[in-house]
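Descriptive analysis of the structure
Residues per chain are reported as follows:
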Amino acid sequence: MSGSERKIRTLREILQKPGNKTCADCGAPDPEWASCSLGVFICLACSGIHRNIPEISKVKSVCLSHWEDYELELLAKNGNEVTKKIYEATVPVYYYIPNHKDCQVLREQWIRAKYERKEFAEGGRNLIYEEGTRDGVLMKRGRDNGQFLTRRFVLSEREGTLKYFTKYDAKDPKAVIKVDTINATFKPEKIGNPNGLQITYLKDYSTRNIFVYHDSSKEIVDWFNSIRAVQLHYLKVAFPGATDAELVPKLTRNFLKEGYMEKTGPRQTEGFKKRWFTLDHRRLMYFKDPLDAFAKGEVFLGNRDHGYQVFPGLPSGTHHNGSWQHGITIKTPDRCFLFTCETEEDQQSWMKHFNDVMSAPMSPQEFAMEATFKHRH
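Residues numbered from 1 in each chain as written. Predicted model: local features only at pLDDT ≥ 70, side-chain atom pairs only at ≥ 80, totals over all residues. Heavy atoms only, no water.

**What about helix H9 (residues 344-359)?**
The criterion, for reference: A run of DSSP states H or I qualifies as a helix once it reaches four residues; a run of E qualifies as a strand once it reaches two. Both are numbered from the N-terminal end. Multiply 1.5 Å by the residue count of a helix minus one, and that product is the helix's expected span. Only protein chains enter the area calculation, which uses a 1.4 Å probe; residues under 20% of their type maximum are buried, those over 50% are exposed, and those in between are partly exposed. Think of it as the arc spanned by the lines of direction from the helix axis to the C-beta atoms.
Here H9 spans 22 Å end to end across 16 residues, near enough to the 22 Å set by a 1.5 Å rise per residue. Residues Gln-347, Trp-350, Met-351, Phe-354, Val-357 and Met-358 constitute the buried set of H9. Along the axis of H9, the buried positions cluster into a sector of 125°, meaning they face one direction only. Seen from the buried face of H9, the exposed residues on the opposite side, beyond 90 degrees, are Glu-345 and Lys-352.

Encoded structure:
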């Protein structure tokens, strides 16, 4: 056996060890790259981030690169599980650990926080997310004109609020947002900025959207995790008996699905109009434009045992003048909602999500939300 063949076989054996079959940073399956300075296996996307911090990480292809014996020894000694215990020893429960489906900014800052800043290593320093307050400037999209302008934001654990001000030295905030109503999720494509963050919150029982970014990817991710830290503090006070595992899913969440469908009105005789839809667990909201501040309307999706169902197609005799042919009918205890999708693939995807939501048991908070929703409508 030649030296190179022996090294390839050694690499394959190391890859079989527990933890090495998924990316050390985002969990993507079958990593084909490795950091020979850190001793971890990583996916192609994360390897690109590692390359941008060459003083910390030196990256090689598992299959195509030439490996030195000492590099293989380090990989064998470390590997993903051992390295994780070092660099992720003290990750706080509120800190969002991205997966391979998350956007670049989250994955890059996770990797830099771990290896470059060593925030979560044994005996890590005091974390910026836990200071109880945060005060700074973000670029915020104007509700009416669509321009991004600088706005001062202040997050307060003591008050349980996120405020923003139109002028830096303004005494009165433009909005006071209670942290327990906030959701924050990265939407770079929709906002048109790699660091674009969508913050949604409830205002008078309606969902309000604001869209922000910061030129510094570290700054925007610091804001995101600071919001989650304050939310966790608030939830621990509100639900003193709850475990971290029960509380963490109540922090920020990604939308289940977003995209365009066409819909008709309640009489189902109006023309089908194209709308942007956001499925945020049990709330299906629709907007004229993806960057609208308020939804034009929303549908509450309860449990199928309580009269909620979804069917492919439209009821026979539906006056359909839209350009999209792949129909979906959502039946609620009060009425039917009719939608059409551009492709069959899109129709199937939306229906899968609707069925998943309707199959999930409802929490007491969701029953309260349903009651409020019926009262409003």
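**Details of the domain arrangement of the protein**
Spelled out, the test is: Where each domain starts and ends follows an automatic or database-derived domain assignment. Here, two residues are considered to be in contact whenever any of their heavy atoms come within 4.5 Å of each other. Values labelled buried area give the accessible surface lost by two parts on being combined, using a 1.4 Å probe and summing over both. Note on definitions: salt bridges are taken to be side-chain nitrogens of Lys or Arg within 4 Å of carboxyl oxygens of Asp or Glu. The definition of a polar contact used here is a pair of N or O atoms within 3.5 Å, where within protein one atom must be able to donate a hydrogen and the other to accept one, and adjacent residues in sequence count solely through side-chain atom pairs. Amino acids outside the nonpolar list (Ala, Val, Leu, Ile, Met, Phe, Trp, Tyr, Cys, Pro) and the charged list (Asp, Glu, Lys, Arg) are all regarded as polar, and Gly is one of them.
Segmenting the protein into domains produces domain 1 (3-116), domain 2 (128-250) and domain 3 (257-375). Placing a centre on the C-alpha atoms of domain 1 and another on those of domain 2 gives a separation of 32 Å. Listed as interface residues are 10 residues of domain 1 and, on the opposing side, 17 residues of domain 2. In terms of surface lost to domain 2, no three residues of domain 1 exceed Val-93, Tyr-94 and Val-105, which account for 51% of the buried area on that side. Inspection of the region where domain 1 meets domain 2 yields zero salt bridges. At the boundary of domain 1 and domain 2, one finds four residue pairs in polar contact (both at pLDDT 80 or more). Looking at the side of domain 1 that touches domain 2 residue by residue, the classes come out as eight nonpolar, one polar and one charged.

**Structural notes on the UniProt feature "domain: PH" (unreviewed entry) in the protein**
Here is the rule: UniProt positions are given in the numbering used here, feature names are shortened, and annotations may be inferred rather than shown by experiment.
According to UniProt, the "domain: PH" (unreviewed entry) feature falls on residues 131-232 and 254-359. This span, residues 131-232, is 20% helix and 45% strand, and a straight line between its end C-alpha atoms measures 13 Å.

**Details of the sheet that holds strand S3 (residues 59-61)**
In sheet architecture, strand pairing relies on hydrogen bonds along the backbone and comes in two forms, parallel and antiparallel. Convention followed: DSSP calls a pair of strands paired once it identifies at least 2 bridges connecting them. Interaxial angle, 0 to 180 degrees, is taken between N-to-C directions of lines fitted to C-alpha atoms, where a helix line uses only the stretch in contact.
Read across the open sheet, the three strands follow the order S2-S1-S3; overall the sheet is antiparallel. Each end of this open sheet is capped by a strand with a single partner; those strands are strand S2 (40-42) and S3. The average undirected angle you get between the axes of adjacent strands in this sheet is 35°. Of the pairings in the sheet, the one linking strand S1 (residues 33-35) to S3 comprises three bridges and is antiparallel in character.

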